[in-house]
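Okay, here's what each chain looks like letter by letter:
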Amino acid sequence: MSAGIFRVVLALSGALVIFLGLNVALGGIPTMSWLGERPFLAVTDEAQYLLIDNHIRFFGGLFVGFGLFMLFAVTDPVKYRQALTVIFAAIFIGGLARFSAPEMDVVFENEIIGSLAAELLLMPVLVFWLSRLGRR
């Protein structure tokens, strides 16, 4: 299990997390449409919308922070093993949270399935891979 390949996967994952986080942090609920979203929202209570939109932007910012740390940790993943494990676990838990959706069909839509696979499959693989780095 090559540390070099792990660093590449970590860097690519971190860059993707930053991209996805900025899409929400800068765009709020409707996002910046970087993933090709189309208008889907009619606001009926402007004040409530603005409050919730602000919370959503915060969560997008958290995701940007996760991604930035992942890029930083590329320098020495073993040194940052505990923090990376927490980030990978948080992303995994976020993937599990998708199953709380009122309509389960949406969880397996083409627009979601790639993210779901990364959250529920890639994150445990990265935790396992990271646990093996530095052990000889």
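Up top is the structure.
Rules and cut-offs
- Residues numbered from 1 in each chain as written.
- Predicted model: local features only at pLDDT ≥ 70, side-chain atom pairs only at ≥ 80, totals over all residues.
- Heavy atoms only, no water.
- Phe/Tyr/Trp six-rings, centres within 6.5 Å; stacked < 30°, edge-to-face > 60°.
- Helix = DSSP H or I, 4+ residues; strand = E, 2+ residues; numbered from the N terminus.
- Buried < 20%, exposed > 50% of the residue type's maximum accessible area, 1.4 Å probe, protein only.
- Salt bridge = Lys/Arg side-chain N within 4 Å of Asp/Glu carboxyl O.
- Core = buried A, V, L, I, M, F, W, Y, C linked by side-chain atoms within 4.5 Å.
- Contact = heavy atoms within 4.5 Å.
- Expected span 1.5 Å × (residues − 1).
- Polar contact = N/O pair within 3.5 Å; in protein donor to acceptor, adjacent residues only side chain to side chain.
- Axes fitted to C-alpha atoms, helices over the stretch in contact; angles between N-to-C directions.
- Parallel < 35°, antiparallel > 145°, perpendicular 65-115°, else oblique.
- Left-handed = near helix turned anticlockwise from the far one by under 90°.
- Nonpolar A, V, L, I, M, F, W, Y, C, P; charged D, E, K, R; others polar.

Colleague: I tried to follow the packing of aromatic side chains on my own but got confused; where do I start?
Modeller: Aromatic ring pairs are described here by two measures, namely the spacing of the ring centres and the angle between the planes. All chains considered together, the criterion is met by eight aromatic pairs. Ring centres 6.0 Å apart and planes at 45 degrees place the aromatic pair Phe69 and Phe72 in the tilted group. Linking Phe69 with Phe72, this pair stays in helix α2 (residues 46–73), spanning three residues, or about one helical turn. On the basis of relative accessible area, Phe72 is assigned to the partly exposed category, the value being 44%. Members of the aromatic cluster, joined through ring pairs, are Phe69, Phe72 and Tyr80.

Colleague: For this particular structure, what's the right way to read the pattern of salt bridges?
Modeller: Close approach of charged atoms allows side chains with opposite charge to pair. Counted by the stated rule, this structure contains two salt bridges. Among the ionic pairs, Arg57 bridges to Asp53, the shortest N-O distance being 2.6 Å. Here Arg57 pairs with Asp53, and both are found in helix α2, just four residues apart, close to one helical turn. Taking the relative accessible area as the measure of exposure, Asp53 reaches 6% and is therefore buried. Between Glu119 and Arg98 there is a salt bridge, with the nearest N and O atoms lying 2.7 Å from each other. In this pair, Glu119 is assigned in helix α4 (residues 110–132) and Arg98 in the loop between α3 (81–97) and α4, connecting sequence segments 21 residues apart. In this structure Arg98 comes out as partly exposed when scored by relative accessible area, which is 26%.

Colleague: How do you make sense of the nonpolar core when you look at a structure like this?
Modeller: Considering soluble globular proteins, one finds that nonpolar side chains tend to be buried as a cluster. If you look at the biggest cluster of nonpolar residues, it comprises 16 residues, and the most contacted ones within it are Phe6, Leu10, Met70, Leu84, Phe88, Leu126 and Leu130. Looking at this core, the elements with two or more residues in it are α1 (3–27), α2, α3 and α4. Setting aside its immediate chain neighbours within four residues, Leu84 contacts Leu10, Phe69, Met70, Ala73, Pro77 and Leu130.

Colleague: Looking at this structure, how should I read α1?
Modeller: Within an α-helix, residues lying three or four positions from one another point in the same direction, as the helix has 3.6 residues per turn. With 25 residues, α1 ought to run about 36 Å at 1.5 Å a step, and its terminal C-alpha atoms sit 35 Å apart, in line with that. Looking at where α1 begins, the residue whose side-chain oxygen comes 3.1 Å from the main-chain nitrogen of Gly4 is Ser2. Directly beyond the C-terminal end of α1, a positive phi value near 70 degrees is found at Gly28.

Colleague: Would you explain unusual backbone geometry in this entry?
Modeller: The phi angle of most residues is negative, glycine excepted, and most peptide bonds adopt the trans form. At Thr31, a residue that is not glycine, the phi angle is positive and equals roughly 65 degrees. Take Thr31: it is sitting in the loop between α1 and α2. For Thr31, a relative accessible area of 17% puts it in the buried group. We note that Ser33 has phi near 65 degrees; this positive angle belongs to a residue other than glycine. In this structure, Ser33 sits in the loop between α1 and α2. Look at Ser33 and you get partly exposed, because its relative accessible area is 37%.

Colleague: In this structure, what is going on with the packing of α1 against α2? I would like to understand it.
Modeller: Packed helix pairs are specified by the crossing angle of their axes together with the interaxial distance, meaning the distance between the axes. The geometry of α1 relative to α2 is characterised by a closest axis approach of 7 Å and an angle of 160 degrees between their N-to-C directions. Judged by the angle between their axes, α1 and α2 are roughly antiparallel. The element α1 and its partner α2 pack so that their crossing is left-handed. Here the residues of the contact of α1 with α2 sort into 18 nonpolar, seven polar and two charged.

All we've got here are geometric facts, nothing functional implied.
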